[in-house]
Amino acid sequence: MASWPTLAPLIERAGRPLVIEALRAWVETKRGTAEVATEAACVPWCASKLGAFLQPSQRRVFNLTGTVLHTNLGRAVLAEEAIAAAVEAMRSPTTLEYDLDGGARGERDDHIAPWLCRLTGAEAATAVNNNAAAVLLVLSELAAGREVIVSRGELIEIGGAFRIPDIMARAGCRLVEVGTTNRTHLKDYAAAIGPDTAAIMKVHPSNYSIQGFTKSVAAAELVPLAREKGVALIEDLGSGTLADLEAWGLPHEPTAREAIASGVDVVTFSGDKLLGGPQAGLVVGRKPLIQRIAKNPMKRALRLDKVRLAALEATLRLYADPAKLAQRLPTIRALARPAAEIRAVAERLLPLVQAALGTAANVSVAEVRGQIGSGALPVDLLPSFAIAVRAKGLDAIADVFRRLPIPVIGRISDGTLYFDLRTLDEESVFVAQLDKLHVVAG
């Protein structure tokens, strides 16, 4: 069998060991039948089996869920500049930890720290592989074996069962809860500080909001208390942002620069959410503290590789020209996209999607509300427009869209399958595969 001429292209593509494995599977499947030794039947079967096996498990999709920064779909889409920088770093050796001027070993943080300091006003900066790691590293260095004070209303749990109390325990510090779920006062923090207190920590609520009879203490209000008592003030901004979102008509989200300007000692935030870069945990703040954090042995286990550092540096450079962010950074572009523009896209696509689905569904344009996602502004919704599909067996129709060459991911709500078009950039690519719906559905 392995010598059949029609197997040659398959061997060239997949390699002889995998082809032999497929042939053995064929024999087991067809043993005792006349087909088992039939080249015309065997080779297409093996090609199909190997084709599915060799297809990358992580595939490109159209995110039309209405959540711009969708955790399950990879969060931020990188800017072209970041992609180019990452590819260049992958292609050849780089000055990752090499100082060209001195001809000696360098420091990988030097590629991004100057930009982070420039953009946040911090004295120093470092980076690790995500914000959970940043919080873990900061607490491990500044508070191991001691107490950290946190408001009960900020003891958050986010996706993947990431809980602040668990991270604090792993960092070796002891949690001291103050206040109540909905109300915490400055006096609560002051009363909790003792000889074993290492830090006060403020945590962005990320994916929820407590409303009504509430009271919280802003980080700026805690600065004098922390200074007076000689404890560190740490603020975890969660998603975090380097830009004022109000410039694009969005609600205000606390920025790292605001936190540093208020006097916070150490600020942590994400690189792959509102910042619009690769997955990273960014740590900025006072130089003596950041130097300690960067020298912690755990930093090596959590550090960024050259590819992500290159993409992060390129993303940070874009912030030097805020006026062009909405054109150059996909995250900001999606968030700032006018509803009228999205509606125009929906109206262009409506007859094409209806024609592709035929009589199997009723298709219309619907006004919808999307969300930023990844814990940013959880109660603030984005006005948008979607292609709305109504039919019996919506799950089957959603499955048809997911089986397209570039899977299309929407959301089902109230008996309707919605494809929110806020994040649809490549309209022509989306349209080009609609004719495949007939083939799959048929």
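About the criteria used
Residues numbered from 1 in each chain as written. Predicted model: local features only at pLDDT ≥ 70, side-chain atom pairs only at ≥ 80, totals over all residues. Heavy atoms only, no water. Helix = DSSP H or I, 4+ residues; strand = E, 2+ residues; numbered from the N terminus. Buried < 20%, exposed > 50% of the residue type's maximum accessible area, 1.4 Å probe, protein only. Contact = heavy atoms within 4.5 Å. Areas by Shrake-Rupley, 256 points an atom, 1.4 Å probe, with all protein chains shown as cover. Lys, Arg positive; Asp, Glu negative; His and termini not counted. Charge placed at Lys NZ, Arg CZ, Asp CG, Glu CD. Expected span 1.5 Å × (residues − 1). Arc of directions from axis to C-beta. Axes fitted to C-alpha atoms, helices over the stretch in contact; angles between N-to-C directions. Parallel < 35°, antiparallel > 145°, perpendicular 65-115°, else oblique. Left-handed = near helix turned anticlockwise from the far one by under 90°. Core = buried A, V, L, I, M, F, W, Y, C linked by side-chain atoms within 4.5 Å. Salt bridge = Lys/Arg side-chain N within 4 Å of Asp/Glu carboxyl O. Nonpolar A, V, L, I, M, F, W, Y, C, P; charged D, E, K, R; others polar.

**Quick look at the overall build of the protein chain**
Moving on, step 1. Within the protein chain, the secondary structure is distributed over 19 helices and 17 strands.
Moving on, step 2. Over its C-alpha atoms, taken along the principal directions, the protein chain stretches across nearly 85 × 55 × 45 Å.
Moving on, step 3. The 442 residues of the protein chain split such that 47% are buried.
Moving on, step 4. A sequence separation of at least 24 residues applies to 73% of the contacts in the protein chain between residues at least 6 apart.
Moving on, step 5. With an accessible surface of roughly 21,000 Å², the protein chain has 52% of that area assigned to carbon and sulfur atoms.
Moving on, step 6. Mean positive and mean negative side-chain charge positions of the protein chain (50 and 48 charges, respectively) differ by 3 Å.

**So, helix H2 (residues 16–30)**
Moving on, step 1. With 15 residues, H2 extends 21 Å from end C-alpha to end C-alpha; this agrees with the ideal 21 Å at 1.5 Å per step.
Moving on, step 2. Where H2 is concerned, the buried positions are Val19, Ala22, Leu23 and Trp26. Buried residues along H2 cover an arc of 100 degrees about the axis, so they all sit on one side. Along H2, exposed side chains directed more than 90 degrees from the buried face belong to Pro17, Arg24 and Glu28.
Moving on, step 3. Its buried side turned inward, H2 meets helix H1 (8–14) and helix H3 (39–54).
Moving on, step 4. Positioned one or two residues after H2, Gly32 has a phi angle of 90 degrees, which is positive.

**Here's the deal with the packing of helix H4 (residues 80–91) against helix H13 (residues 306–318)**
Moving on, step 1. Where H4 contacts H13, the axes come no closer than 8 Å and their chain directions differ by 150 degrees. Viewed along their axes, H4 and H13 adopt a mutual orientation that is roughly antiparallel. Once H4 is placed against H13, the crossing between them reads as right-handed. When H4 is examined against H13, the residues Glu81, Ala82, Ala85, Ala86, Ala89 and Met90 are found in contact with a partner set consisting of Lys306, Val307, Ala310, Ala311, Ala314, Thr315 and Leu318.

**Some remarks on the nonpolar core**
One recurring pattern in soluble globular proteins: nonpolar side chains tend to sit buried together.
Moving on, step 1. Membership of the largest hydrophobic core comes to 58 residues, with the highest contact counts inside it found for Ile200 and Phe269.
Moving on, step 2. When residues of this core are assigned to their parent elements, the largest contribution, five residues, is made by helix H9 (residues 219–229).
Moving on, step 3. Apart from the residues within four sequence positions on either side, Ile200 is in contact with Ile149, Tyr189, Ile193, Leu222, Leu225, Val231, Ala232, Leu233 and Ile234.

**Section: the pattern of salt bridges**
Moving on, step 1. Throughout the structure, instances matching the rule amount to 26 salt bridges.
Moving on, step 2. Here Glu347 ties to Arg343 by a salt bridge, and the two come within 3.3 Å at their closest N and O atoms. Note that Glu347 and Arg343 are positioned in helix H16 (residues 339–357) at a spacing of four residues, about one turn of the helix.
Moving on, step 3. In this structure, Glu427 engages Arg348 in a salt bridge whose closest nitrogen and oxygen atoms are separated by 2.8 Å. Here the residue Glu427 occupies a position in helix H18 (residues 427–432), and Arg348 occupies one in helix H16, the gap between them amounting to 79 residues.
Moving on, step 4. Given the relative accessible area of 45%, Arg348 is considered partly exposed.
Moving on, step 5. Members of the salt-bridge network, linked through shared partners, are Glu97, Arg105, Arg108 and Arg303.

**Overview of the packing of helix H6 (residues 131–143) against helix H11 (residues 287–295)**
Moving on, step 1. Between H6 and H11, the least distance of the axes is 9 Å, while the angle of their chain directions is 105 degrees. In terms of their interaxial angle, H6 and H11 are classed as roughly perpendicular. The segment H6 lies against H11, with Leu137, Val138, Glu141 and Leu142 engaging Leu289, Arg292 and Ile293.
Moving on, step 2. Residues belonging to the contact of H6 with H11 are distributed by class as follows: five nonpolar, no polar and two charged.

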